[in-house]
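Given next are the chains, with one letter for each unit.
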Amino acid sequence: MTCYDRRDLGLLLLRLGTGGVLAAHGAQKLLGWFGGGGIEGTGRFMESVGYRPGRTSATMAGLAEAGGGLLLAMGLATPAAGAAAAGAMVGAAAVHAPNGFFAQSGGYEYAASLGLTAAGLAVTGPGRLSLDHALGHSVNRGWMVPAAFATVAAATAVVVGARVKRLREEKEGRQEALFEE
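Description of the structure in this document. (Residues numbered from 1 in each chain as written. Predicted model: local features only at pLDDT ≥ 70, side-chain atom pairs only at ≥ 80, totals over all residues. Heavy atoms only, no water.)

## Section: the packing of helix H4 (residues 78-96) against helix H7 (residues 144-174)
Turning to step 1, where the next piece is worked out: Viewed as axis vectors pointing N to C, H4 and H7 meet at an angle of 20°, and their least axial separation amounts to 9 Å. In terms of axis orientation, H4 runs roughly parallel to H7. Both H4 and H7 take part in a crossing whose hand is right-handed. Of the residues in H7, those touching H4 at Pro79, Ala80, Ala83, Ala84, Gly87, Val90, Gly91, Ala94 and Val95 are Met144, Val145, Ala148, Phe149, Val152, Thr156, Val160 and Arg163. (Axes fitted to C-alpha atoms, helices over the stretch in contact; angles between N-to-C directions. Helix = DSSP H or I, 4+ residues; strand = E, 2+ residues; numbered from the N terminus. Parallel < 35°, antiparallel > 145°, perpendicular 65-115°, else oblique. Left-handed = near helix turned anticlockwise from the far one by under 90°. Contact = heavy atoms within 4.5 Å.)

Right, dumping it as structure tokens:
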């Protein structure tokens, strides 16, 4: 008979809470649920903050959040789910970083909290009250953690880097020259 301990219950609560929030956040982007803009509205927002093309950016962010969140909540493919969600939150934090840390000022506190929790779950694993455990951890192997984080980190660096470059170029294009050349 399998005995579950406090760690398993704690991981279940973290997975359900974090995964549920991420899934709802992604559903706002993808489906317009819970007051979200759906693909069209979120795509326009993504364009306005430098993520282009906006519709593709909205779709990818929504899938990472909703898919990663649902998988985390179920405890399935935990390394990939946590890494995907963490990567999406890095992209969100990049938008909010100019406003400082705290969420009340529009800062990146909320995105950082969700991203770090998702990353922590990816590293720690889902516990025994999970589909990964029930399926013999076939999609939750030790080597999958660094592989998932390396893949997501590379993709996130490209996307966020392209945004930063685009915003820098736009800002330079609007500046008046101090001296004529």
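Text resumes after the structure shown.
## A few points about the nonpolar core
Turning to step 1, where the next piece is worked out: Formed by 13 residues in total, the largest nonpolar core has its most connected members in Leu22, Leu72, Ala85, Met89 and Ala118.
Turning to step 2, where the next piece is worked out: Taken together, the elements giving at least two residues each to this core come down to helix H1 (6-31), helix H3 (54-74), H4 and helix H5 (109-124).
Turning to step 3, where the next piece is worked out: Here the element with the most residues in this core is H4; it accounts for five residues.
Turning to step 4, where the next piece is worked out: Sequence-distant contacts of Ala85, defined by excluding residues within four places in its chain, comprise Leu22, Ala64, Leu72 and Ala118. (Core = buried A, V, L, I, M, F, W, Y, C linked by side-chain atoms within 4.5 Å. Buried < 20%, exposed > 50% of the residue type's maximum accessible area, 1.4 Å probe, protein only.)

## A few points about the layout of surface pockets
Turning to step 1, where the next piece is worked out: The computed volume of the largest pocket comes to approximately 920 Å³.
Turning to step 2, where the next piece is worked out: Elements represented by at least two residues in the lining of the largest pocket include exactly H1, helix H2 (38-48), H3, H4, H5 and H7.
Turning to step 3, where the next piece is worked out: Per-element tally for the lining of the largest pocket: the top contributor is H7, with nine residues.
Turning to step 4, where the next piece is worked out: Broken down by class, the residue content of the lining of the largest pocket amounts to 22 nonpolar, 14 polar and five charged. (1 Å grid on protein atoms, 1.4 Å probe; cavity = no way out; pocket = protein on both sides within 12 Å on 5 of 7 lines; lining within 4 Å. Points joined across faces, edges and corners; volume = space filled by probe spheres on them. Nonpolar A, V, L, I, M, F, W, Y, C, P; charged D, E, K, R; others polar.)

## Here's the deal with the pattern of salt bridges
Turning to step 1, where the next piece is worked out: The tally for this structure, following the rule as stated, stands at six salt bridges.
Turning to step 2, where the next piece is worked out: The partner of Arg128 in a salt bridge is Asp5, with the nearest N and O atoms 3.4 Å apart. Here the residue Arg128 occupies a position in the loop between H5 and helix H6 (131-134), and Asp5 occupies one in the segment before H1, the gap between them amounting to 123 residues.
Turning to step 3, where the next piece is worked out: By relative accessible area, Arg128 is classed as partly exposed at 29%.
Turning to step 4, where the next piece is worked out: Close ionic contact of Glu170 with Arg52 constitutes a salt bridge, the shortest N to O distance being 2.7 Å. Residue Glu170 is found in helix H7, and its partner Arg52 is found in the loop between H2 and H3; the two are separated by 118 residues along the sequence.
Turning to step 5, where the next piece is worked out: Look at Glu170 and you get partly exposed, because its relative accessible area is 30%. (Salt bridge = Lys/Arg side-chain N within 4 Å of Asp/Glu carboxyl O.)

## Side note on the environment of Ala80
Turning to step 1, where the next piece is worked out: Looking at where Ala80 falls in the secondary structure, it is placed in helix H4.
Turning to step 2, where the next piece is worked out: A C-alpha to C-alpha distance of 23 Å links Ala80 and Ala162, two positions 82 residues apart in sequence.

## Here's the deal with unusual backbone geometry
Turning to step 1, where the next piece is worked out: Here the residue pair Arg52 and Pro53 is connected by a cis peptide bond, since its omega of -5° sits within 30 degrees of zero.
Turning to step 2, where the next piece is worked out: Mapping Pro53 onto the fold places it in the loop between H2 and H3.
Turning to step 3, where the next piece is worked out: Unlike most non-glycine residues, His137 shows phi in positive territory, near 60°.
Turning to step 4, where the next piece is worked out: Position of His137 among the secondary structure elements: in the loop between H6 and H7.
Turning to step 5, where the next piece is worked out: Judged by its relative accessible area of 24%, His137 falls in the partly exposed class.

## A look at the side chain of Asp8
Turning to step 1, where the next piece is worked out: Mapped onto the elements of the fold, Asp8 is located in helix H1.
Turning to step 2, where the next piece is worked out: The exposure class assigned to Asp8 is buried, which follows from its relative accessible area of 2%.
Turning to step 3, where the next piece is worked out: A distance of 2.7 Å separates the side chain of Asp8 from the side chain of Arg128, its partner in a polar contact.
Turning to step 4, where the next piece is worked out: The residues touching Asp8, leaving out its near neighbours within four places in the chain, are Cys3, Gly127, Arg128 and Leu129. (Polar contact = N/O pair within 3.5 Å; in protein donor to acceptor, adjacent residues only side chain to side chain.)

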